[in-house]
Amino acid sequence: MRRTPVPLLTGTALTLVALGAFAAAAPLAYANDGNDGHSESLEVFPSSADPGTTVTVNTLACGSHGHGVGDANSLGAGEFQLNPSTHKEVVVGQFTVPHHAKAGTYGISVACDNGRTARGDVIVKHRSPSGHVQTGVGGSVGPDTAQVTAGAAVLAAAAVGGTWLLRRRASGAQGS
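Residues numbered from 1 in each chain as written. Predicted model: local features only at pLDDT ≥ 70, side-chain atom pairs only at ≥ 80, totals over all residues. Heavy atoms only, no water.

(A) Just the overall build of the protein chain, in detail. Along its length, the protein chain carries 2 helices and 9 strands. Walking the protein chain from its N terminus toward its C terminus, one meets helices and strands in the order α-β-β-β-β-β-β-β-β-β-α. When the 176 residues of the protein chain are sorted by exposure, 20% land in the buried category. Counted over contacts in the protein chain with a minimum sequence separation of 6, partners at least 24 positions apart contribute 54%. With an accessible surface of roughly 12,800 Å², the protein chain has 60% of that area assigned to carbon and sulfur atoms. (Helix = DSSP H or I, 4+ residues; strand = E, 2+ residues; numbered from the N terminus. Buried < 20%, exposed > 50% of the residue type's maximum accessible area, 1.4 Å probe, protein only. Contact = heavy atoms within 4.5 Å. Areas by Shrake-Rupley, 256 points an atom, 1.4 Å probe, with all protein chains shown as cover.)

Take a look at the structure:
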């Protein structure tokens, strides 16, 4: 008689229970996205930015021909204005991520003149170094022709010497 290992059944059962719990909770998470009738989403582009990047936000919360004031104080960027865009009922505004901003997620909010609000997040990334890194020996700058020529000469001499040594050994072995 063949036995199915208990840990295999237990692991499978636990996985199915976890997936079932996730599937049951997912509609609740999406249904309760913070939109309580007074707050709407704020689109942030780019949603992930380096310090010094100009970020554009837009929302439908302010309505047609509406205006609003954005708040990026959590990031250190201060307040910014939102004005109607060329798209129907969309207001748009911009701010610049300060150069001193540390990496992390920051909440950005908008208060519209009609009393509605919108909220979104911007993720500040670490700035990648640019240019050549001065680390000492080795080159990220480019090849040095003299060094490349010297290296090639050393390799050629080693190849010629190795070939000569092997041929000498082979001829000496035949003479015995």
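Still more to cover.
(B) Focus on unusual backbone geometry. Cis peptide bonds are those with omega within 30 degrees of zero, and the linkage from phenylalanine 45 to proline 46 qualifies with -5°. Of note, the phi angle at histidine 65 is positive, near 60°, even though the residue is not glycine. On the secondary structure map, histidine 65 appears in the loop between strand 4 (54-59) and strand 5 (68-72). When its relative accessible area of 68% is taken as the criterion, histidine 65 is described as exposed. A positive phi angle, near 65°, is found at glutamate 89, a position not held by glycine. By the secondary structure assignment, glutamate 89 is in the loop between strand 6 (78-84) and strand 7 (91-96).

(C) Examining the nonpolar core more closely. Among the nonpolar cores identified, the biggest contains 22 residues, and Val55, Val57, Leu75, Phe95, Val97 and Val122 are the most heavily contacted of them. Breaking this core down by element, the ones donating at least two residues are strand 4, strand 6, strand 7, strand 8 (104-112) and strand 9 (117-124). The element best represented in this core is strand 8, accounting for 4 residues. If sequence neighbours within four positions are ignored, phenylalanine 95 has contacts with Thr53, Thr54, Val55, Val57, Ala72, Leu75, Ala77, Phe80, Ile108 and Val122. (Core = buried A, V, L, I, M, F, W, Y, C linked by side-chain atoms within 4.5 Å.)

(D) A look at the state of the cysteines. A full pass over the atoms with the stated rule returns 1 disulfide. Two residues, cysteine 62 and cysteine 112, share a disulfide whose sulfurs are 2.0 Å apart. Judged by the sign of its S-S torsion, about -75°, the cystine formed by cysteine 62 and cysteine 112 is left-handed. Of this pair, cysteine 62 sits in the loop between strand 4 and strand 5 while cysteine 112 sits in strand 8, placing them 50 residues apart in sequence. (Disulfide = S-S within 2.5 Å.)

(E) Just the environment of glutamate 89, in detail. Looking at glutamate 89, the relative accessible area reads 36%, which means it is partly exposed. For glutamate 89 and threonine 59, which are 30 residues apart along the polypeptide, the C-alpha to C-alpha distance reads 8.4 Å. Sequence-distant contacts of glutamate 89, defined by excluding residues within four places in its chain, comprise Thr59, Leu60, Gly63 and Ser64.

(F) How the structure looks around the environment of arginine 116. Summarising the element assignment, arginine 116 is placed in the loop between strand 8 and strand 9. Note: C-alpha distance between arginine 116 and alanine 61 (55 residues apart in sequence) is 6.0 Å. Among the polar contacts listed, one links the side chain of arginine 116 to the side chain of glutamate 40, at a separation of 2.5 Å. (Polar contact = N/O pair within 3.5 Å; in protein donor to acceptor, adjacent residues only side chain to side chain.)

By themselves, these observations are geometric and do not establish any function.
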